[in-house]
Structures are given as structure tokens and as C-alpha cells.
Amino acid sequence: MKKQRILSALLALCIVFSLVPTALAEKADDFTDVSRSDWYYQFVDYVTSKGYFNGTAETTFAPAENMTRAMFVTVLFRFHGAKGDSSQSAFTDVAPGEWYTAAINWAAANKIVDGVGNGKFAPNDPITREQIAAILYRYNGEAVTGDLLSSFPDADAVSGYAVEAMQWAVSRGLISGDPASDGTLWLRPRDGATRAQIAKIPWVWLGA
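1. Here's the deal with the packing of helix α3 (residues 69–80) against helix α5 (residues 129–140)
Logical step 1: In the contact formed by α3 and α5, the axes pass within 11 Å of each other and the chain directions differ by 25°. On the basis of their axis angle, the class for α3 and α5 is roughly parallel. When the axes of α3 and α5 are compared, the crossing they make is right-handed. Contacts from Arg69, Phe72, Val73, Leu76, Phe79 and His80 in α3 reach Gln131, Ile132, Ile135, Leu136 and Tyr139 in α5.
Logical step 2: Here the contact of α3 with α5 is composed, by residue class, of 8 nonpolar, 2 polar and 1 charged.

And the structure:
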């Protein structure tokens, strides 16, 4: 009887430990180019665990690689939990059946993206900071009162279509100033963004 009780206790203990996640089970640890000491580690872990991001290969995340327009829209597509059709395309430079086609079609149908002109989307172009703001604003933005851009030396560099979106993105902390060597903060609206920088956005947005 005593032996039976011991075996039962050990079995229960094994079940408990099987239900407890270990520190080694973090999704970001799958990537050889992401270290626990990196500033973006928790963001990469969060977005890959949620399925918003995939790695660029089985063991690489490519945190310093520029985010492309196709990558960004695909992340938003997954974040929304949307379904889409990849058998046809809304843009002449987006071929049917590509890994990003359904996401771009979904975004275009919902007026979240409108391409770069001449029927093109430029899926492989690096996405700019103001394009990120505009896409997110169309997706789930709200009006912002007051001027939040004038404190940035390059506020005038923001394209007209993106001003309201950049106001909103700054107000939500989704886009912050990039510090220069003299300590001033610059918007740099037409600069690109890395995959690590984009990985931070869902974390900030959802208050994770």
C-alpha cells in the first residue's frame, strides 16, 4: 500500500511538472541570432509565440534585416486573425499564390493599403516609418488633437498623407524619436525599420 501511494505521488508530480513551462521553452531561443541579452528578445519571443512573425529560416529571425512591405502587411494579417484569398491579386506586382498574396489582398480590400501607384504594391521594398504609421492608422487609428510632431526637427519631412497617422502613432508610443548624437529626437519618417523594431509594436500596442 505504501509503495502504491509513493507511485501515485510521483505520477502526480510528473503531471504537474509537465504542465509548467520551463525557462528553456521560450520561442525566441529557437533562433541562433537572438540572444537573451538583446533588447528585443522579449519582443521577438512574444510575436513568434503568438504566430505574428515567422523566422526567416528555421533557426534565424534576422532582427537587423529591413522589414519589407509584404512582411509588415503579413504580420498585421496574422495579428488580425484574418482569412484571405491568394488565387488572384489586387496588384500587378503581387503574383497569385505567394506567401504574402492573401495578406495584401485582405489589406487592399479593407482599404488598409492602397499601393504605391500604377497598380503596384512594391512588396519587397523596405517599409518606411511613415508607411508603418499610415497602415496602422487605417487599420485601427483614432483622431488625435494637438500637434505632436512640431518638437521633432524633421517634422516637415513627413509626407502629407502620413501626417495625421504619424501624430497618432507618436501619441500611442508606436513610433518614437530616433536620438541623434546631440540628443535631439528625429522622426526620420522615410527611413526603414528593422524586423526587431517592428516586433516591438504589438507589445506596445497591446500593453503586453
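2. Concerning α5
Logical step 1: Between its first and last C-alpha atoms α5 spans 17 Å; for 12 residues at 1.5 Å apiece the expected length is 16 Å, and the two agree.
Logical step 2: When you tally the buried positions in α5, you get 9 out of 12 residues, the bulk of the element.
Logical step 3: Regarding α5, the residues found buried are Arg129, Glu130, Gln131, Ile132, Ala133, Ala134, Ile135, Leu136 and Tyr137.
Logical step 4: Against α3, α6 (163–171), β1 (178–179), β2 (185–186) and α7 (195–206) lie the buried residues of α5.

About the criteria used
- Residues numbered from 1 in each chain as written.
- Predicted model: local features only at pLDDT ≥ 70, side-chain atom pairs only at ≥ 80, totals over all residues.
- Heavy atoms only, no water.
- Axes fitted to C-alpha atoms, helices over the stretch in contact; angles between N-to-C directions.
- Helix = DSSP H or I, 4+ residues; strand = E, 2+ residues; numbered from the N terminus.
- Parallel < 35°, antiparallel > 145°, perpendicular 65-115°, else oblique.
- Left-handed = near helix turned anticlockwise from the far one by under 90°.
- Contact = heavy atoms within 4.5 Å.
- Nonpolar A, V, L, I, M, F, W, Y, C, P; charged D, E, K, R; others polar.
- Expected span 1.5 Å × (residues − 1).
- Buried < 20%, exposed > 50% of the residue type's maximum accessible area, 1.4 Å probe, protein only.

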